[in-house]
Amino acid sequence: MRHNSHPGLRASRAAALALVLLAASCSDDEDSSPVQEEVPATNAGEAPETVEEPTGPADDAQDAVPDDSAAVEPDEVEGAAPSEDSDSDEVDDAPAATAPAVADGEPIRVGNVSSLTGAGLFPEASVAAKAVFDRVNASGGIGGRPIELIIEDDGGSPEGAATAGRKLVEQDNVVAMVGSASILECAVNSGFYAEQGVYSIQGTGVDPLCFLSSNISPVNTGPFTGITVSLYYASETLALDRVCNINLFVIPDLAPAFDGAVARWESITGKSLTLRVKAATLEDDPTPLMLQARDAGCQAVVIDGVEPHALAVGRAIDAQNLSDIVWIGLTSYYTDAIASQLGSAGNGLRANSEFEPYGSDSPALDDWKALMTNAGVPLTSFAQGGYLAATVFVEALRGIDGEVTRESVAAAMLDLEPYETPLLGTPYTFGPGDAHAPNQASKFVELRDGQWVTAADDWVILPG
């Protein structure tokens, strides 16, 4: 099978990508890693007796765990019970009107392959997706059928990803993959999914093949479009003339994708970088490269890296008096851990947010925040990805007229109308095609005295 070809290449890709978004292991703070340990398992499809608030999850959603399932769409919680005085005879006489339907039909099995152990951890996306499904199940499921989310840990290895994908598709007979978040799952399994007719709404796309597959469509921007949109933000939104790029990941498997991201910016704008430098190794201190950018007269520098690099960049800005340059990191920089560790030393450092910034007070985040809080899921961008992937999938399921099968789900995903939400800067789509990268937008956040704040309310959207 294609997903097992070139094992040496896959292994090197795994090592590289574990570092590319190692920030996932620190996605917001120390709360990320223990998500699985903090949420005990519940039975799939188990629903509470009443649902008190239409926009919040059932109490049992707090029990979200990787083995189970659940489902919900923010504005479509069916059978929610109003808060009424129990003294009312009318309420007492009509218990059926206040109790949600029970999702006790045959489960709709959905798969998820995520990196829950290993070098780069993504624990939030899968449990966020489960919280969405739990809420749908608590209000009757899909035509009385609960959504059962089966989560497999790939351990951050190619072998683990291949084994997990085969189990879900061949043994568990899942109808689709939803909310996966892995450092290498797309690279390992994209060919296998295409062969098996399985489609995936990826919660967090990382490696290049997440965005270059006929059967995978991530909800997030990803690191490579992230480079392009960040350069575009510097040159077009901030109107800076001398834009530069520091590439800290000079790795054979990733170099073409990073080169393509810069080339795309050049094609869109007709401009050229003032300077582009690459680190010799991932362990290099970025300070000498940052000083090189200063000496070249760079006005803005888009710089990639993982959490240790983000900390080094922020400290170098302060120590070397480089605050007159706009420093823009990728989404991997946008974590509460980095903000708290840098404090005021990182003032001015910016990063791109793939979704509506999770720390903002935007009303668009209200349902997500309430659901995640009640389910015990940390508020991170990865949790946003899982929530959005599951919400879009529920929309696709509700559009199926007839049996819910792998084939009917595939058709529904391919036929899904562009899904618009204020959490995204561009509508989410799947549709036919050999590649899918629907999220072509970012908002930008800036570090101020140990807090990330939204730099501007407008989305920066790449031209088509």
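Summarised in this report is the structure supplied together with it. Not measured: the values here are computed from a predicted model. (Residues numbered from 1 in each chain as written. Predicted model: local features only at pLDDT ≥ 70, side-chain atom pairs only at ≥ 80, totals over all residues. Heavy atoms only, no water.)

So, on to the pairing of strand E11 (residues 451-454). Relative to E11, strand E10 (residues 441-448) runs antiparallel, the two being bridged by 4 bridges. Paired with Glu 446 across the two strands is Val 453, which belongs to E11. Counting the residues that bridge the hairpin from E10 to E11 gives 2 residues, and of these Asp 449 lies at a positive phi of roughly 50°. (Pairing = 2+ DSSP bridges. Helix = DSSP H or I, 4+ residues; strand = E, 2+ residues; numbered from the N terminus.)

Moving on: the packing of helix H6 (residues 158-171) against helix H7 (residues 185-196). Viewed as axis vectors pointing N to C, H6 and H7 meet at an angle of 25°, and their least axial separation amounts to 9 Å. Our classification of the angle between H6 and H7 gives roughly parallel. Considering how the two elements wind past one another, H6 and H7 form a crossing that is right-handed. Only Glu 185, Val 188, Asn 189, Phe 192, Tyr 193 and Gln 196 of H7 make contact with H6, whose side of the interface consists of Pro 158, Ala 161, Ala 162, Gly 165, Arg 166, Val 169 and Glu 170. Class assignment of the residues belonging to the contact of H6 with H7 gives a composition of 7 nonpolar, 3 polar and 3 charged. (Axes fitted to C-alpha atoms, helices over the stretch in contact; angles between N-to-C directions. Parallel < 35°, antiparallel > 145°, perpendicular 65-115°, else oblique. Left-handed = near helix turned anticlockwise from the far one by under 90°. Contact = heavy atoms within 4.5 Å. Nonpolar A, V, L, I, M, F, W, Y, C, P; charged D, E, K, R; others polar.)

A word on the side chain of Asp 207. Tracing the backbone shows Asp 207 in the loop between strand E4 (200-201) and helix H8 (223-237). Of the polar contacts made by the side chain of Asp 207, one reaches the backbone nitrogen of Ala 187; its length is 3.1 Å. Within the structure, the side chain of Asp 207 is placed 2.8 Å from the backbone nitrogen of Leu 209, a separation counted as a polar contact. (Polar contact = N/O pair within 3.5 Å; in protein donor to acceptor, adjacent residues only side chain to side chain.)

Here the focus is helix H13 (residues 366-375). Quick reminder: α-helices carry 3.6 residues per turn. Residues three or four places apart thus point the same way. Every buried residue of H13 is listed here: Asp 367, Trp 368, Leu 371, Met 372 and Ala 375. Down the axis of H13, the buried set is contained in an arc of 120°. They therefore lie on one face. (Buried < 20%, exposed > 50% of the residue type's maximum accessible area, 1.4 Å probe, protein only. Arc of directions from axis to C-beta.)

For the rest of this paragraph, the subject is the pattern of salt bridges. Within this structure, the stated rule accounts for 13 salt bridges. In this structure, Lys 443 and Glu 356 form a salt bridge, with 2.8 Å as the shortest nitrogen-oxygen distance. With a gap of 87 residues between them, Lys 443 in strand E10 and Glu 356 in the loop between strand E9 (350-353) and H13 connect regions that are remote in the sequence. Of the two residues examined, Lys 443 and Glu 356, each falls in the buried class. Linked by salt bridges that have partners in common, Glu 152, Lys 167 and Asp 172 make up one network. (Salt bridge = Lys/Arg side-chain N within 4 Å of Asp/Glu carboxyl O.)

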